[in-house]
Amino acid sequence: MRSKRAFVLAGSSLLAIAVPAYAQQAEQPAPVAAAENGASIVSEIIVQARRRDESLQDVPLVVNAVTADTIDKLNIRNFTDISSVVPGLQLTPNANGIGTSSSIRGVNHDVNVSAENGTIQYYRNDAPVPSNFVFQTMYDVGQIEVLRGPQGTLRGRSTPSGSITATTRLPDLIEPGGYIAGTFGSGSTANLNGALNVPVIEDVLGIRVAGLHKFDRLNRVTSINSDVKPSSETNAIRATVRFEPTQWLRFGFLYEGMQSKSLRYDQVRSVSDYNADYTPSAGAPDYGRIGLDDYLSVQSRPSTVTQKFQFYNWNAEADILGQRLVYVGSRTSQHYHSFGVRDLANFFPDLAIGQEADTRGTTSSHEVRLQNLDRVAGLFDYVVGYFEYAVPSRTILNDSSITQLRLAGLGIPIAAPSVTNTPIYLPKGTPKEQSFFGNVTLHLGDATELSGGLRRIHFTDFRDGLFISCTPELYAAGSCRRQNGTQSDVKENTTIYSASIKHRFTPGLMIYAATGSSWRPPVVAVGNFTNANYTPNEVAHVSLPSESSKSYEIGVKSDWFDHKLTFNLTAYHQKYKNYPYRAGGAGIAYININSAGAPAIGNFNFVSAVPVKVNGVEAELAFSPTSQLSFGATLNYAKSTIGNALLACTDALNNQTGAVGSDGIADTDTPTLAQMQQAYGGERVAVCPGGGQSATFQPKWTGVLRAEYNQPVGDQMDAYLRGLFSWRGKSRTDPGNRFDDVGAYGLFNLYGGLRSAKGSWEVTLYAKNLFDTAKLLTQDDLAQFTPVTDVFLAPPTFSVAGIGSSVYNSRYTGVTVTAPREFGVTFRVAVGSR
């Protein structure tokens, strides 16, 4: 029979240190004998990190995997929870619903900067997909795979930091079956998912249908000024077909549809808690002291996000004359619609002020590759192929602001404030990547191996730019003005490489060294919607050149005591050129020209092309002294340092004297509009010499400790207790923000329950963040504020006599905090092939 059933024995269930493919029980007689004597067994992990089955401990790469078994046991319902078992990996969905922010090996992937050309590429079953699609569809997953370091000569797209693959379960061709699983927890948490497996023609054709319904309260931040509760609801369905008419020919098809809707509030805290010298605007709403552990907002209405995805994935394999020909294709259609509240401090509770965004796009990919099954001349393995990827999209925005009519001379209001809408349009771009790739591995006996690969990339992208005060209809009529510096007509060719050498000194000890390069296309950052031509500094920090990097790595992989103990250690160094560094927090204060043509203070996370050096160490330890007890620990260190570069900043004051004038150092206090105008001259944003600060907002040190103990209860059941402790070292989120440094902290999750000895059912009680740790993660450097356009009317005709602006500063600032404690119960019932 061709069907293989994947599983991991209890002794390695929480180790989470593998990568692609499946785990299969080793067939050597020694472990079997050990099992009969009651000793521990750790299954050999078989991976496909290099496009063929290999033992994890033989692969000269740093890889992690979270298996389906671990996902179930640790009640991982959200993709962001993967970071709790993969230290050094930080996953965060963006509040605007468009993509995600991720960090690994000392640098960030922020979709608001680089779109889907991230430092990390996400895959669904070998097909590149938008990151937010993977984040929302955490059900019936075979495993999550994390590869670290430059990727691209063996699969998909070129990325500098790594790739993350979510593999779904395939239909079983022999045995029917299915499962249903559910979680119910505090904060109205509910998650129901299940699957049904039907072998239509035994050993030839099978179908698997899976679905998900999920509801929760997000970060459980509620608002003092609204009865509407935060919520997130996701519904998804997936159908997979597996067709294998002969031993040498295989086909697959997958369809997945998903839609979600969320209502979210931005959490705040009182500025007076950390800055006693701060003075808010006169009349600023006062809702009393708000602390970190209150999980409160002051918005009068929530920000909203709706998302819809349709994903099609198809593949074919043919084995002929000792070679394998593989084709993988995909198409994803996506629709995002969001409304982000702009009056976060609630100065104008009766007015809906915000930014509305509507984005539609498609992603398509095709990959054809040829690789050997039988080693060529007993020495070589190879993979060669062609890859194509396109991701066109268009965005329609509506940016609303407040207008206040005032009496010229006296400045008193003469009418109620009103909303002014500014339409913004980003026409469909045409980014397309085409590449040829190849990799060859030379085996020198059983102990030594040399491997190298190349990918030749041809990238094109034409984007007509950003158009302010423009709708699709006006654009089609040729009546819109393009924002300077936002048009791109890119045609670039480049080559990336990878190489590695490994030597196995003993059956349980391997040392390897690897090097590689990466490339990412140019960046045009969107979000500075000033109603005037960009200044030279604005252009330089909105439109960035392509990025490249080179990486060097050395490591050791070992196992001891009949595979009961595993220890892996890696050290790496990586250099980036033109890394797109995005300003943190609420952004950089700059002079914004509003819709009425008047200057006002705005905020935008400007992007700077900078050189970056990253040095890091990654260590993994797993120990299973008996079949009933297992331990695991992972520790990661990553230090990223920005080299000499000019960074966008706010620099209108001398920090020592407080006098107006740039001193080359980011201001510690926010200047007034008049001070910025005086200091900047014809510019609207300042630049400061950079060098030495971190390129990421994540801590240098992260770690995970995990353990499990199980005990038979009679002949039919097992009882178990699991613990997971995730630790994050101290970090300095934004060097220009003196209030947002984060101290070291840890979160402890506990799980306990009963399961069938045969695995047919399981019930677990859990507590996440058991000690209810409320830790500050990020904090804006400015108090929340609302800008207002003042229009001055002169009697008796009340014609416009002038235009100005005002800024209303609140008593509160935006923060993010660790999720509050959650108690709950989860169950799983399975029959047949499950």
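What you are looking at is a predicted structure, and each value in this text was computed from that prediction instead of being measured. (Residues numbered from 1 in each chain as written. Predicted model: local features only at pLDDT ≥ 70, side-chain atom pairs only at ≥ 80, totals over all residues. Heavy atoms only, no water.)

Novice: For this particular structure, what's the right way to read the overall build of the protein?
Specialist: For the protein, the helix and strand inventory stands at 7 helices and 50 strands. Expected size for 834 residues packed as a compact globule is a radius of gyration near 28 Å; at 28 Å, the protein falls within 12% of this value. Over its C-alpha atoms, taken along the principal directions, the protein stretches across nearly 100 × 55 × 55 Å. Out of the 834 residues in the protein, the part that is buried amounts to 54%. (Helix = DSSP H or I, 4+ residues; strand = E, 2+ residues; numbered from the N terminus. Rg over C-alpha atoms; globule rule 2.2 N^0.38 Å. Buried < 20%, exposed > 50% of the residue type's maximum accessible area, 1.4 Å probe, protein only.)

Novice: I tried to follow the confidence of the model for the protein on my own but got confused; where do I start?
Specialist: Where the model shows low pLDDT, its predicted coordinates should not be examined in detail. Confidence in the prediction of the protein, expressed as mean pLDDT, is 87, and 91% of residues score 70 or more. Here residues 1-42 scores under 50 on pLDDT; set against residues more than four positions off or in separate chains, the count is 110 contacts. (pLDDT = per-residue confidence, 0-100. Contact = heavy atoms within 4.5 Å.)

Novice: Any chance you could explain the packing of aromatic side chains here in plain terms?
Specialist: Two descriptors summarise a pair of aromatic rings, namely the distance from one centre to the other and the angle between the planes of the rings. Under the criterion given, the structure shown has 19 aromatic pairs. Arranged with centres 5.3 Å apart and planes meeting at 40°, the rings of Phe 133 and Phe 309 form a pair that is tilted. With a gap of 176 residues between them, Phe 133 in helix α4 (residues 131-136) and Phe 309 in strand β19 (residues 303-320) connect regions that are remote in the sequence. Each member of the pair, Phe 133 as well as Phe 309, carries the same accessibility label: buried. When the centroid spacing of 5.4 Å and the interplanar angle of 45° are considered together, the rings of Phe 133 and Phe 311 count as tilted. Pair noted here: Phe 133 is in helix α4 and Phe 311 is in strand β19, with a separation of 178 residues, a long-range link. By relative accessible area, which is 0% here, Phe 133 ends up buried. (Phe/Tyr/Trp six-rings, centres within 6.5 Å; stacked < 30°, edge-to-face > 60°.)

Novice: What am I meant to see in the state of the cysteines here?
Specialist: Defined simply, a disulfide is a covalent bond joining two cysteines at their sulfur atoms. Counted according to the given criterion, the structure contains 2 disulfides. The disulfide partner of Cys 470 is Cys 480, and the gap between their sulfur atoms is 2.0 Å. Residues Cys 470 and Cys 480 share a disulfide whose torsion about the S-S bond is about 85°; that sign makes it right-handed. Taken together, the residues span a long stretch of sequence, with Cys 470 in the loop between β27 (467-468) and α5 (472-476) and Cys 480 in the loop between α5 and β28 (488-506) at a distance of 10 residues. Exposure remark for Cys 470: the relative accessible area of 1% places this residue in the buried category. Note on cysteine connectivity: Cys 649 is disulfide-linked to Cys 688, with sulfurs 2.1 Å apart. Measuring handedness by torsion sign, the sulfur bridge of Cys 649 and Cys 688 sits at about 80° and is right-handed. Remark: Cys 688 occurs in strand β39 (residues 686-690) and Cys 649 occurs in strand β38 (residues 645-649); sequence separation between them is 39 residues. For Cys 649, a relative accessible area of 6% gives the class buried. Take Cys 688: its relative accessible area is 6%, and that puts it in the buried class. In the protein, the bonded cysteines, taken in the order they occur along the sequence, pair up as 1-2, 3-4. (Disulfide = S-S within 2.5 Å.)

Novice: Help me understand the pairing of strand β37 (residues 629-642) in this model?
Specialist: Put simply, side chains in a regular strand alternate between the two faces of the sheet. With burial as the criterion, only one face of β37 is covered, namely that bearing Ser 630, Gly 632, Thr 634, Asn 636, Ala 638, Ser 640 and Ile 642; the residues Leu 629, Phe 631, Ala 633, Leu 635, Tyr 637, Lys 639 and Thr 641 on the opposite face remain uncovered. With 13 bridges joining them, strand β36 (residues 607-626) and β37 adopt antiparallel strand pairing. Of the residues in β37, the one forming a bridge with Val 614 is Ser 640. A loop of 2 residues connects β36 with β37, the two strands running antiparallel in sequence. Note: β37 against strand β40 (residues 701-713), 9 bridges, orientation antiparallel. Within the sheet, the bridge partner assigned to Asn 636 lies in β40 and is Thr 702. (Pairing = 2+ DSSP bridges.)

Novice: Whenever I open this one, the pattern of salt bridges confuses me. Can you help?
Specialist: Side chains that differ in charge, positive against negative, can pair when their charged atoms come close. In this structure the tally under the stated criterion is 30 salt bridges. Residues Asp 399 and Arg 342 are paired through a salt bridge, measuring 2.4 Å at the closest nitrogen-oxygen approach. Highlighted residues: Asp 399 in strand β23 (residues 393-407) and Arg 342 in the loop between β20 (323-341) and β21 (354-372), separated in sequence by 57 residues. The class of Arg 342 is partly exposed, set by a relative accessible area of 39%. Linking Asp 461 and Arg 463 is a salt bridge whose minimum nitrogen-to-oxygen distance equals 2.9 Å. Among the residues examined, Asp 461 registers a relative accessible area of 8% and is labelled buried. We classify Arg 463 as partly exposed; its relative accessible area is 27%. The network of salt bridges with shared partners includes Arg 105, Arg 148, Glu 553 and Glu 618. (Salt bridge = Lys/Arg side-chain N within 4 Å of Asp/Glu carboxyl O.)

Novice: Would you take a moment to explain the sheet that holds strand β9 (residues 141-148) for this structure?
Specialist: Two modes of strand pairing occur in sheets, parallel and antiparallel, and in both the strands are linked by backbone hydrogen bonds. The mixed open sheet is built from 5 strands, whose spatial order is β3-β9-β10-β7-β8. Two strands bound the open sheet, and with one partner strand each, they are β3 (63-67) and β8 (127-128).

Novice: Explain the pairing of strand β49 (residues 812-817) to me, please; I cannot follow it from the model alone.
Specialist: For β49, the tally of buried residues reaches 5 of 6 residues, placing the bulk of the element in the interior. One ladder, built from 3 bridges, connects strand β17 (residues 268-270) with β49; its direction is antiparallel. Counted as the bridge partner of Arg 269 is Thr 813 from β49. Both strand β46 (residues 776-779) and β49 contribute to a ladder of 3 bridges, which runs antiparallel. When the sheet's bridge partners are listed, Leu 776 is paired in β49 with Val 817.

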